[in-house]
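Analysis of the macromolecular model
Chain by chain, the residues:
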There are 2 protein chains.
Amino acid sequence: MNETPQVENGFKNEERGKEGSDNVIYVGKKSIMNYVLAVVTQFNSGANEVVIKARGKAISKAVDIKEVAVNRYLPNIKTKSIVTSSEELMNEDGTKSKVSAIHITLAK
Amino acid sequence: MNETPQVENGFKNEERGKEGSDNVIYVGKKSIMNYVLAVVTQFNSGANEVVIKARGKAISKAVDIKEVAVNRYLPNIKTKSIVTSSEELMNEDGTKSKVSAIHITLAK
């Protein structure tokens with residue numbers, strides 16, 4: 001009763017506005033099936049849209065995740081958009097590097 | 001005079017129909033800049049559309065190529081579509097493997 005759902009909701013809405021989606025899965029070093037399970041779980045929990053985001057070498061893995069999730073587990077989910085971009089990262093020594101990124105949006 | 005240009009053209013047109021584009025760049029093991037140069041050269045030679053195709057781990061490289069080519073050398077070229085798919089490959093021992101693929105279509 002003493003929790004602060006308004007603040008929590010406010011934060012969530014802000015996140016939503018920034019990301020354009022409730023459900024974002026960031027692809028890192030775990031195995032493909034970990035992320036596939038995360039995508040499937042999001043949709044089974046009622047999400048209408050899931051975004052898979054990856055940078056650099058993880059981009060190939062993001063495409064694998066999407067292909068396995070949709071072809072094997074989610075036949076009714078469509079690919080809404082695939083967008084690539086360049087993001088600038090700050091290195092530890094203060095120099096900047098550019099890295100490619102991909103956002104794959106899946107939707108019901 | 002004894003060459004068979006009809007047959008050759010027929011083949012080329014068939015390829016074109018199948019691929020949906022005159023200019024396809026397959027991403028392999030060469031460095032990113034090799035492929036960037038190929039994309040830039042195709043557009044400078046009058047191509048209206050160039051498709052970058054990659055499979056498996058080369059998918060990340062394909063996205064890098066697109067980002068570098070468009071952001072650094074081809075400011076007027078747009079990303080027409082990005083499509084991913086699963087392709088089935090026959091292994092040497094007769095078994096089949098699935099591999100993810102990406103087709104990035106750039107256009108004037």
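Structure: above.
Residues numbered from 1 in each chain as written. Chains lettered and ligands numbered in written order. Predicted model: local features only at pLDDT ≥ 70, side-chain atom pairs only at ≥ 80, totals over all residues. Heavy atoms only, no water.

Remarks on the interface of chain A and chain B
For an interface, size is often stated in terms of accessible area lost upon the parts coming together. Counting from both sides, the interface comprises 17 residues of chain A and, opposite them, 17 residues of chain B. The contact between chain A and chain B buries some 1,200 Å² in all, and 51% of this surface belongs to carbon and sulfur atoms. Considering only the surface of chain A that becomes buried against chain B, S60(A), I82(A) and T84(A) emerge as the three largest contributors, covering 37% of it. Between chain A and chain B we count 0 salt bridges in total. At the junction of chain A and chain B, the tally comes to 17 residue pairs in polar contact (both at pLDDT 80 or more). Per-element accounting of the side of chain A that touches chain B gives the leading share, 8 residues, to helix 3 (residues 58–73) of chain A. For the side of chain A that touches chain B, the class distribution of residues is 6 nonpolar, 7 polar and 4 charged. (Contact = heavy atoms within 4.5 Å. Buried area = accessible area lost by both parts, 1.4 Å probe. Salt bridge = Lys/Arg side-chain N within 4 Å of Asp/Glu carboxyl O. Polar contact = N/O pair within 3.5 Å; in protein donor to acceptor, adjacent residues only side chain to side chain. Helix = DSSP H or I, 4+ residues; strand = E, 2+ residues; numbered from the N terminus. Nonpolar A, V, L, I, M, F, W, Y, C, P; charged D, E, K, R; others polar.)

Regarding the pairing of strand 2 (residues 49–55) of chain A
Consecutive side chains along a regular strand alternate between the two faces of the sheet. Residue and element names in this part refer to chain A. For strand 2, the buried fraction is high: 5 of the 7 residues fall into the buried class. As paired strands, strand 1 (residues 23–26) and strand 2 are joined by 4 bridges and run parallel to one another. Residue pairing across strands places I25 opposite I52, the latter belonging to strand 2. Taken together, strand 1, helix 2 (residues 32–44) and strand 2 constitute a β-α-β crossover, and its handedness is right-handed. Both strand 2 and strand 4 (residues 96–107) contribute to a ladder of 7 bridges, which runs antiparallel. Residue pairing across strands places V50 opposite L106, the latter belonging to strand 4. (Buried < 20%, exposed > 50% of the residue type's maximum accessible area, 1.4 Å probe, protein only. Pairing = 2+ DSSP bridges. Right-handed = clockwise from strand over helix to strand, strands pointing away.)

Digging into the side chain of S60(B)
Among the secondary structure elements, S60(B) is positioned in helix 3 (residues 58–73). Not counting chain neighbours up to four residues away, the residues in contact with S60(B) comprise G56(A), K57(A), A58(A), I59(A) and S60(A).

Topic: the nonpolar core
Most often, soluble globular proteins keep nonpolar side chains buried together rather than apart. With 50 residues, the main nonpolar core has V39(A), I102(A), V39(B) and I102(B) as its most contacted residues. Where this core is concerned, the elements lending two or more residues are helix 2, strand 2, helix 3 and strand 4 of chain A together with helix 2 (32–44), strand 2 (49–55), helix 3 and strand 4 (96–107) of chain B. Other than its neighbours up to four places away in sequence, I102(B) contacts I102(A), I52(B), K53(B), A54(B), I59(B), A62(B), V63(B), I82(B), V83(B) and T84(B). (Core = buried A, V, L, I, M, F, W, Y, C linked by side-chain atoms within 4.5 Å.)

Points about the sheet that holds strand 4 of chain B
Two modes of strand pairing occur in sheets, parallel and antiparallel, and in both the strands are linked by backbone hydrogen bonds. All names here are of chain B. Ordered in space as 1-2-4-3, the 4 strands form an open sheet in which the pairing is mixed. Of all strands in the sheet, those with a lone pairing partner are strand 1 (24–26) and strand 3 (78–90), marking the two edges. In this sheet, adjacent strand axes meet at a mean angle of 20° when their direction is disregarded. Contacts from helix 3 reach strand 2, strand 3 and strand 4 within the one sheet, and its direction differs from that of strand 4 by about 5°. (Axes fitted to C-alpha atoms, helices over the stretch in contact; angles between N-to-C directions.)

Concerning the sheet that holds strand 1 of chain A
Residues and elements named next belong to chain A. Taken in spatial order, the 4 strands line up as 1-2-4-3 in an open sheet, and their pairing is mixed. Strand pairing shows two members of the sheet lacking a second neighbour, strand 1 and strand 3 (78–90), which therefore form its edges. Mean inter-strand twist for the sheet, computed between neighbouring axes without regard to direction, equals 20°. With 12 bridges joining them, strand 3 and strand 4 adopt antiparallel strand pairing. Its bridge partner lying in strand 4, T84 is registered against I102. Helix 2 rests against strand 1, strand 2 and strand 4 of the sheet, and its axis sits at about 175° to strand 1. Along the sheet, helix 3 contacts strand 2, strand 3 and strand 4; its crossing angle with strand 4, the most-contacted strand, is approximately 5°.

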